[in-house]
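# Structural overview
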Amino acid sequence: MEIINPDIEKYIDEHTTSESPVLQKINRETHLYELMPRMLSGHVQGRFLSMISKMISPGYILEIGTYTGYSALCLAEGLTKKGQLHTIDINEELKEKNRRSFNDAGYGDQIIQHIGNALEIIPKLDFPFDLVFIDADKGNYLKYYQLVLESLRPGALILADNVLWSGKVLNENGEKIDKDTQAIIDFNEYVQQDKRVENVLVSIRDGLFLIRKL
Ligand SMILES: C[S@@+](CC[C@H](N)C(=O)[O-])C[C@H]1O[C@@H](n2cnc3c(N)ncnc32)[C@H](O)[C@@H]1O
């Protein structure tokens, strides 16, 4: 399902600040060489992540799901001078290429890569995160949220990507729901009922949840 009218998408794209040359390169090469380039946040969502990060100037950011490093670099744009972004991915293949992109963009010292299962790595990261971006396997969204929420300070933000899941969360056809769709539906419901946070679901791209700890 196309969530937003393609002409409106184009208009939005044309009225959003351009990507940096490094981000343009990652975007182009991800589409040329990687499987599932749709996983990349892309131009408009990338600028949105950057804007949010610049608005809160985080000292520590946690990203769950690095892929080709696009969203990591967008979020890093708002870091304080000595700030750090910790990004986790289970796939080691892109690690070296991502490191070169982070260095080229001038964030080499501030972005720390972790390779492995995020469920095992998150409990070992003892940093006062101001911003968390959940963008890995959909089946574990709720676990990631539960793992990080308690340790966050009031006012800290969690962003979660793909929470409209191409519109499948509506289950309009009444078909049997697949596991990932059910996981996203359960996650969205849990957040909506959670009294510890306030939240807004933004219809950018595939749906981005903005969740603020109270
Ligand atoms: C949607 S992509 C991330 C896209 C990236 N955040 C961006 O916007 O450019 C999801 C990534 O999560 C990773 N992933 C999946 N399961 C994971 C797990 N259990 N732990 C850590 N990373 C995982 C995948 O390898 C993939 O690179």
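Here, every reference points to the structure presented above.
Residues numbered from 1 in each chain as written. Predicted model: local features only at pLDDT ≥ 70, side-chain atom pairs only at ≥ 80, totals over all residues. Heavy atoms only, no water.

What follows is about the overall build of the protein chain. Across its full length, the protein chain holds eight helices and seven strands. Relative to its length of 214 residues, the protein chain is compact, with a C-alpha radius of gyration of 17 Å against a globular reference of 17 Å. Counting only C-alpha atoms, the protein chain reaches 50 × 40 × 30 Å along its principal axes. Buried positions account for 48% of the 214 residues belonging to the protein chain. Counting only contacts in the protein chain whose residues sit at least 6 apart along the sequence, the fraction spanning at least 24 positions is 70%. (Helix = DSSP H or I, 4+ residues; strand = E, 2+ residues; numbered from the N terminus. Rg over C-alpha atoms; globule rule 2.2 N^0.38 Å. Buried < 20%, exposed > 50% of the residue type's maximum accessible area, 1.4 Å probe, protein only. Contact = heavy atoms within 4.5 Å.)

Here we come to the pattern of salt bridges. Counted by the stated rule, this structure contains eleven salt bridges. The partner of Glu14 in a salt bridge is Lys10, with the nearest N and O atoms 3.0 Å apart. Within this pair, Glu14 and its partner Lys10 are both found in helix α1 (residues 6-14), separated by four residues, close to a single helical turn. Linked through salt bridges whose partners overlap, the residues forming this network are Arg47, Lys54 and Glu77. (Salt bridge = Lys/Arg side-chain N within 4 Å of Asp/Glu carboxyl O.)

What follows deals with the site of the ligand. Every one of the 20 residues lining the ligand counts as a neighbour, but Ser41, Gly65, Ser71, Asp89 and Asp135 are closest to it. Here a nitrogen atom of the ligand and a side-chain polar atom of Asp137 are 3.3 Å apart. Relative to its unbound accessible surface of 610 Å², the ligand loses 90% to contact with the protein. Here the ligand occupies the largest pocket. (Near = heavy atom within 4 Å. Polar contact = N/O pair within 3.5 Å; in protein donor to acceptor, adjacent residues only side chain to side chain. Areas by Shrake-Rupley, 256 points an atom, 1.4 Å probe, with all protein chains shown as cover. 1 Å grid on protein atoms, 1.4 Å probe; cavity = no way out; pocket = protein on both sides within 12 Å on 5 of 7 lines; lining within 4 Å. Sits in = over half its atoms within 2 Å of the grid points.)

Here we take up the sheet that holds strand β1 (residues 60-64). Taken in spatial order, the seven strands line up as β3-β2-β1-β4-β5-β7-β6 in an open sheet, and their pairing is mixed. Edge strands, defined here as strands with exactly one partner in the open sheet, are β3 (111-115) and β6 (197-202). Pairs of neighbouring strands in the sheet enclose a mean axial angle of 15°, with direction left out of account. Sitting on the sheet, helix α7 (residues 141-149) touches β1, β4 (131-134), β5 (157-161), β6 and β7 (208-213), and the angle it makes with β5 is about 170°. (Pairing = 2+ DSSP bridges. Axes fitted to C-alpha atoms, helices over the stretch in contact; angles between N-to-C directions.)

There is a patch of nonpolar side chains on the surface, built from Leu35, Met36 and Met39 and spanning about 360 Å² of accessible area. Positionally, Met39 belongs in the loop between α2 (21-33) and α3 (43-56). Classification of Met39 by relative accessible area gives partly exposed; the value is 41%. (Patch = residues over 30% accessible without salt bridge, like charges linked within 9 Å, V, L, I, M, F, W, Y side chains within 5 Å.)

Our focus in this paragraph is the packing of aromatic side chains. By the definition in use, this model includes six aromatic pairs. Summarising the aromatic geometry, the rings of Tyr141 and Phe187 are spaced 5.5 Å apart at their centres and angled 85° between planes, so their arrangement reads as edge-to-face. Highlighted residues: Tyr141 in helix α7 and Phe187 in helix α8 (residues 179-193), separated in sequence by 46 residues. A residue is classified by how much of its surface remains accessible, and Tyr141, at 0% relative accessible area, is buried. Taking 6.2 Å as the distance between ring centres and 85° as the angle between the ring planes, the aromatic pair formed by Phe187 and Phe209 counts as edge-to-face. Of this pair, Phe187 sits in helix α8 while Phe209 sits in strand β7, placing them 22 residues apart in sequence. With respect to class, Phe187 is no different from Phe209; both count as buried. Of the aromatic side chains, those joined through ring pairs into one cluster are Tyr141, Tyr145, Phe187, Tyr190 and Phe209. (Phe/Tyr/Trp six-rings, centres within 6.5 Å; stacked < 30°, edge-to-face > 60°.)

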